[in-house]
There are 2 protein chains.
Amino acid sequence: MQVQAKAAKEVGAKLESYSFEIESPQEFQCSIAVEYCGICHSDLHIIDNDWGMSQYPVIAGHEVIGIVKEIGSQVNHLKIGDRVGVGWQKSACLQCSDCLKGNENLCNQNQPLIVPGPGGFANHLLTDSRFAFPIPQGIDPKVAGPLLCGGITVYGGLRAAGMSSGQEIGVIGIGGLGHMAVQFASKLGNRVTVFTTSEDKAEFAHQLGADRAIVVSKGEAPPKPDRLLNILLSTVPASLDWGAYLEHLDSDGTLSFVGVSDAPLNLPIFPLIMKRRRILGSPIGGRGMMIEMLSIADRFKIEPIVEVFPSDNINEAIDKVRSNSIRYRAVLDFNQS
Amino acid sequence: MQVQAKAAKEVGAKLESYSFEIESPQEFQCSIAVEYCGICHSDLHIIDNDWGMSQYPVIAGHEVIGIVKEIGSQVNHLKIGDRVGVGWQKSACLQCSDCLKGNENLCNQNQPLIVPGPGGFANHLLTDSRFAFPIPQGIDPKVAGPLLCGGITVYGGLRAAGMSSGQEIGVIGIGGLGHMAVQFASKLGNRVTVFTTSEDKAEFAHQLGADRAIVVSKGEAPPKPDRLLNILLSTVPASLDWGAYLEHLDSDGTLSFVGVSDAPLNLPIFPLIMKRRRILGSPIGGRGMMIEMLSIADRFKIEPIVEVFPSDNINEAIDKVRSNSIRYRAVLDFNQS
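Nothing here was measured: the structure is a model prediction, and the numbers come from that model.

Thresholds, definitions, all that
- All residue numbers refer to position in the chain's written sequence, counted from 1.
- Chain letters start at A and ligand numbers start at 1, both assigned in the order the entries are written.
- Predicted model: local features are reported for residues with pLDDT of at least 70 only, side-chain atom pairs are reported and counted for 80 or more only, and whole-chain, interface and lining totals are derived from all residues.
- Excluded from the side-chain calculation are hydrogens and water; included are all heavy atoms of the structure.
- Throughout, a contact is declared for two residues whenever any of their heavy atoms are within 4.5 Å.
- Once two parts are joined, some of their accessible surface, as seen by a 1.4 Å probe, is lost; buried area is that loss totalled over both.
- Within this document, salt bridges are pairs made up of a side-chain nitrogen of Lys or Arg and a carboxyl oxygen of Asp or Glu, the two lying within 4 Å of each other.
- Pairs of N or O atoms within 3.5 Å make up the polar contacts considered here, provided that, within protein, one atom can donate a hydrogen while the other can accept it, and that residues adjacent in sequence are counted only when both atoms are side-chain atoms.
- Secondary structure elements follow DSSP: runs of H or I of four or more residues count as helices, runs of E of two or more count as strands, with numbering from the N terminus.
- For two strands to count as paired, DSSP must find a minimum of two bridges between them.
- Using a 1.4 Å probe on the protein chains alone, a residue whose accessible area is under 20% of its type maximum counts as buried, one over 50% counts as exposed, and one in between counts as partly exposed.
- Here a crossover is taken to be right-handed if, once the strands point away from the viewer, the path from the first strand over the helix to the second is traced clockwise.
- Delimitation of the domains relies on an automatic or database domain assignment.
- Here the nonpolar group is Ala, Val, Leu, Ile, Met, Phe, Trp, Tyr, Cys and Pro; Asp, Glu, Lys and Arg are the charged ones; every other residue, Gly included, is treated as polar.

## Comments concerning the interface of chain B and chain A
- Taken together, the contact between chain B and chain A spans 33 residues of the former and 33 residues of the latter.
- Between chain B and chain A, a total of about 3000 Å² is buried, with carbon and sulfur atoms accounting for 56% of that surface.
- It is B:I269, B:I273 and B:R276 in chain B that bury the most area against chain A; as a group they hold 21% of the surface buried on that side.
- The interface formed by chain B and chain A contains 2 salt bridges.
- The partner of A:D98 in a salt bridge is B:K275, and the shortest N-O contact between them spans 3.0 Å.
- One can count 17 residue pairs in polar contact (both at pLDDT 80 or more) joining chain B with chain A.
- Going through the elements one at a time, β14 (249-257), β15 (265-267), α7 (270-274) and β16 (278-281) of chain B are the ones with two or more residues in the side of chain B that touches chain A.
- For strand β15 (residues 265-267) of chain A and β15(B), the ladder comprises 3 bridges, and the chain directions are antiparallel. From the neighbouring strand, A:L265 faces β15(B), where its bridge partner is B:L267.

Set out below in structure tokens:
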């Protein structure tokens, strides 16, 4: 089958139309007619080869929603016509202790959808069905894509930090990740405090479910806490004054990193020790957690807020993602392509 | 009653004999005839006013073992003649949520035994009985003192990191803290790896129960791991190559700090995120944990290894602690004083 894709032919290039052939699905594979695909900052990092592992032409896109068109001989959890989603991860060894514990996201052999191989900026995707997840009927397919990457990232980071209910949860940054984190935390029965640099976003945070929003000017420390948090999720790719943020955590509280800068983490140790605080980093989530997250998003009406672009306008959409002017996730519509 | 103590009359001074009066115990207080008192590096920090909170004359000593001589009217968990121990903490508010959860060590009002007020470098101690813990009969009083501070510190740091049994546990540093951590971890059914800068201590680690000891030259990174750890406890007051040590942790593993340098923690974030690793700091332990730790030390024959000095030789003992030439804890004998 001929695939019509949007590819970056070299580092940082504008995306151009690009077509290639795919075979029929083998064994565990399935082919998907792409309906929508989100644009994530990681797509830009791969287009720009920021992590030194890109292979050109790059066909990015890893928040893919579409309809199963064909399945391989070993596929029995999907049938033709199902709506599925594919996120950052396309495979794992499925045999190591991480995989066997349901933590395929931690597998040493885990492979991203788009490195190497084509992702979802295309009208069709051939992929491993074992990392294609049925999308519950209650979730609007237009908004579902970002759940598969940004959504699982924040959900995983909150659960790894011990999110339960009745807790005080902080979210640093209201962007593509943070606006979903606020919804998960608040709709699952927690009180949410937001830290943002933007007055507008502080106001909007309340609509997302936040109880409180604290505006912190760029480069400044947050004010002293007047309410302590059990969990503080950092979604921002920036080096902040972590010592000052740690003071916002209650005893046994956890600062959970899901968005990070490349810079090393630099933080004072005494605020950790005095209150037995913790720090963790968390990457996406395993397959079991993905299904749980999608079910929760369905039942609790947790929806990424998206701007939808026709797939032909992909470069415009990418420019808006680059300039951080999307509120809050960009999604490409491939239905017409 | 007249107390004969050993006091530092000014910053960093040699200790001199010093006597003062104590009243009879009021309400929850008890008076203790000191038998033994350990010397901890924290005592030196207080003698030297390293933390800017010392009040002179300083009477240090916070690993106190002795016999209850008198009790106040409200004391009902101790009786005259009981052997008890007192550690770093002498009081807490007992009403905040930390205290009510059994985490008196995290209480904002928690007060160290020796700042302000006299500690255990003396023949008698008047203190709050609620922070005086009965010493199980099976524990040799000569070695018991270091359990009350160093022992609870490593036990707390291991438990906070999720120590269970059947785990792979690493201990960085075989000194006053580390030599107890190896015993707790191994005797409670875990396999222990030690990281030390000393060939001698590497050899000795096996006698303490370690399965494996890795010698890491000062200023160098540890070698690449060939076995991954669930918990890595750092007992050293030094800035190490934390990125290299994080690589020794398995997925969901925890690097637990109980000994630290004053320098900020500097570490790469990606090794945290890729394997969902954690970092925590832990201070001593609450009262419930103290009793649990003492019971385990009794039942599993976990004993600090000590050098005992007559109390009159306190300055010699302190010099040996200062020069890190004690193996592994110094204890003063006050029975003759």
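This is not the end of the story, as more comes after the structure.
## Section: the pairing of strand β2 (residues 15-21) of chain A
Residues and elements named next belong to chain A.
- As defined by bridge partners, strand β1 (residues 2-8) adjoins β2 across 7 bridges and the pair is classed as antiparallel. Across the sheet, residue V3 finds its bridge partner in β2, namely F20.
- Linking two consecutive strands that pair antiparallel, namely β1 and β2, is a turn of 6 residues; a positive phi of about 75 degrees is found at G12 within it.

## Remarks on the pairing of strand β12 (residues 212-215) of chain B
Residues and elements named next belong to chain B.
- Covered by surrounding structure in β12 are R212 and I214 only, the residues A213 and V215 on the alternate face being uncovered.
- Relative to β12, strand β11 (residues 191-196) is paired through 4 bridges, and the arrangement is parallel. Residue V194 lies in a different strand from β12, and its bridge partner there is A213.
- In this fold, β11 hands off to helix α5 (residues 199-208), which returns the chain to β12; that crossover is right-handed.

## Things to note about the pattern of salt bridges
- Per the stated rule, a full pass over the model turns up 36 salt bridges over all chains.
- Between A:R130 and A:D128 there is a salt bridge, with its nearest N and O atoms 3.0 Å apart.
- When its relative accessible area of 15% is taken as the criterion, A:D128 is described as buried.
- A salt bridge links B:E35 to B:R83, with the shortest nitrogen-to-oxygen separation between them at 2.8 Å. Remark: B:R83 occurs in strand β5 (residues 83-86) and B:E35 occurs in strand β3 (residues 29-39); sequence separation between them is 48 residues.
- Under the relative-accessibility criterion, B:E35 is labelled buried at 10%.
- With a relative accessible area of 28%, B:R83 lands in the partly exposed category.

## A few points about the domain arrangement of chain A
Residues and elements named next belong to chain A.
- You can read the domains of chain A as domain 1 (2-151 + 285-333) and domain 2 (162-281).
- One C-alpha centre belongs to domain 1, the other to domain 2; they are set 28 Å apart.
- Facing the 15 residues of domain 1 at the interface are 15 residues of domain 2.
- Taking both partners together, domain 1 and domain 2 bury about 1300 Å²; carbon and sulfur atoms supply 70% of that area.
- Together, I302, R327 and Y328 form the three largest contributors to the area buried by domain 1 at its contact with domain 2, with a combined 43%.
- Secondary-structure elements contributing two or more residues to the side of domain 1 that touches domain 2 are α3 (141-160) and α8 (287-299).
- Top element by residues in the side of domain 1 that touches domain 2 is α3. It accounts for 4 residues.
- Grouping the constituent residues of the side of domain 1 that touches domain 2 by class yields 9 nonpolar, 2 polar and 4 charged.

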